[in-house]
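Chain by chain, the residues run as shown.
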Amino acid sequence: MSVKEQLFKECQLYVEKREQTIREIMASNKKALLSETKSSAGDKHETGRAMLQLEMEKASQQIGVVQQMKEVLHRVKTTESSKVVRLGSLVQTDKARYYLTISIGLVSVNDETYFVISSSSPIGKLLLGKQVNDVIQFNGQQIKITQID
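None of these values were measured; they are calculated from a predicted model. (Residues numbered from 1 in each chain as written. Predicted model: local features only at pLDDT ≥ 70, side-chain atom pairs only at ≥ 80, totals over all residues. Heavy atoms only, no water.)

Draft legend 1. Representation of the overall build of the chain in the model. What the chain contains, in helices and strands, is 3 helices and 6 strands. Along its sequence from the N terminus, the chain presents helices and strands in the succession α-α-β-β-β-β-α-β-β. Over its C-alpha atoms the chain spans a radius of gyration of 21 Å, topping by over 25% the 15 Å that the globule rule assigns to 149 residues. When its C-alpha atoms are laid out on the principal axes, the chain stretches across 70 × 35 × 25 Å. The proportion of buried residues among the 149 residues of the chain is 34%. Long-range contacts, defined here as pairs at least 24 residues apart, represent 54% of the contacts in the chain between residues at least 6 apart. (Helix = DSSP H or I, 4+ residues; strand = E, 2+ residues; numbered from the N terminus. Rg over C-alpha atoms; globule rule 2.2 N^0.38 Å. Buried < 20%, exposed > 50% of the residue type's maximum accessible area, 1.4 Å probe, protein only. Contact = heavy atoms within 4.5 Å.)

Draft legend 2. Summary view of the sheet that holds strand 4 (residues 112-118). Spatially, 6 strands are ordered 3-4-2-1-6-5 in an open sheet, and the strand pairing comes out mixed. On the outer flanks of this sheet lie strand 3 (105-109) and strand 5 (135-138), each paired with one strand and no other. Within the sheet, the average angular offset between the axes of one strand and its neighbour, ignoring direction, is 40°. (Pairing = 2+ DSSP bridges. Axes fitted to C-alpha atoms, helices over the stretch in contact; angles between N-to-C directions.)

Draft legend 3. Broad picture of the pairing of strand 3. In the sheet, strand 3 pairs with strand 4 via 5 bridges, with the strands oriented antiparallel. Paired with glycine 105 across the bridge in strand 4 is valine 116. Adjacent in sequence and paired antiparallel, strand 3 and strand 4 are bridged by 2 residues, among which asparagine 110 carries a positive phi angle near 50°.

Draft legend 4. Representation of the side chain of glutamate 19 in the model. With respect to the element layout, glutamate 19 can be found in helix 1 (residues 3-35). Looking at glutamate 19, the relative accessible area reads 14%, which means it is buried. If we skip the residues at most four places from it in the chain, glutamate 19 touches Ile63, Val66, Gln67 and Lys70.

Draft legend 5. Expanded view of the pattern of salt bridges. If you walk through the whole model with that rule in mind, you get 5 salt bridges. In this structure, glutamate 55 engages lysine 58 in a salt bridge whose closest nitrogen and oxygen atoms are separated by 3.7 Å. A residue pair is termed a helical-turn pair when its members lie 3 or 4 positions apart in one helix, as glutamate 55 and lysine 58 do in helix 2 (residues 42-75) at 3 residues. Between glutamate 112 and arginine 97 there is a salt bridge, with the nearest N and O atoms lying 2.5 Å from each other. With glutamate 112 in strand 4 and arginine 97 in strand 2 (residues 97-101), this pair connects stretches of sequence that are 15 residues apart. The class for glutamate 112 is partly exposed, based on a relative accessible area of 31%. Here the residues in one salt-bridge network are Glu19, Arg23 and Lys70, joined through shared partners. (Salt bridge = Lys/Arg side-chain N within 4 Å of Asp/Glu carboxyl O.)

Draft legend 6. Summary view of unusual backbone geometry. Notably, asparagine 133 is not glycine yet its phi reads approximately 80°, a positive angle. In this structure, asparagine 139 is a non-glycine residue whose phi angle is positive, near 50°. Assignment of secondary structure puts asparagine 139 in the loop between strand 5 and strand 6 (141-148). Classification of asparagine 139 as exposed rests on a relative accessible area of 68%.

Given below as structure tokens:
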């Protein structure tokens, strides 16, 4: 399995785990909401229900973000290579290695560290459309692209 394929798998696992966690939170909140019974402390009861409702809304928004990540991953072609940096590119620079898909942070593959970033992140935007030997300015540093896969 190529490095790109391994990084892509890590992205898929990240999204699956995140979705599972959010769904578990939603199920737990729904159960708590249904089991919440009216007590003599009515205000306390209403406050508890309101807090659970807010948590459910937040979880629903997070599910939306997970869906967007899934859509981005669906568009990534791990077997294709390009001379220009685009979604799914593995970019080697003189400073670091980047994989443009979704933002999940640092990932290690074969004892090498990769920044798995979104193409809408600040450095992702700078890298998009660039070619080998192009130089970008990021955080006051010049970064030269040495390889694109």
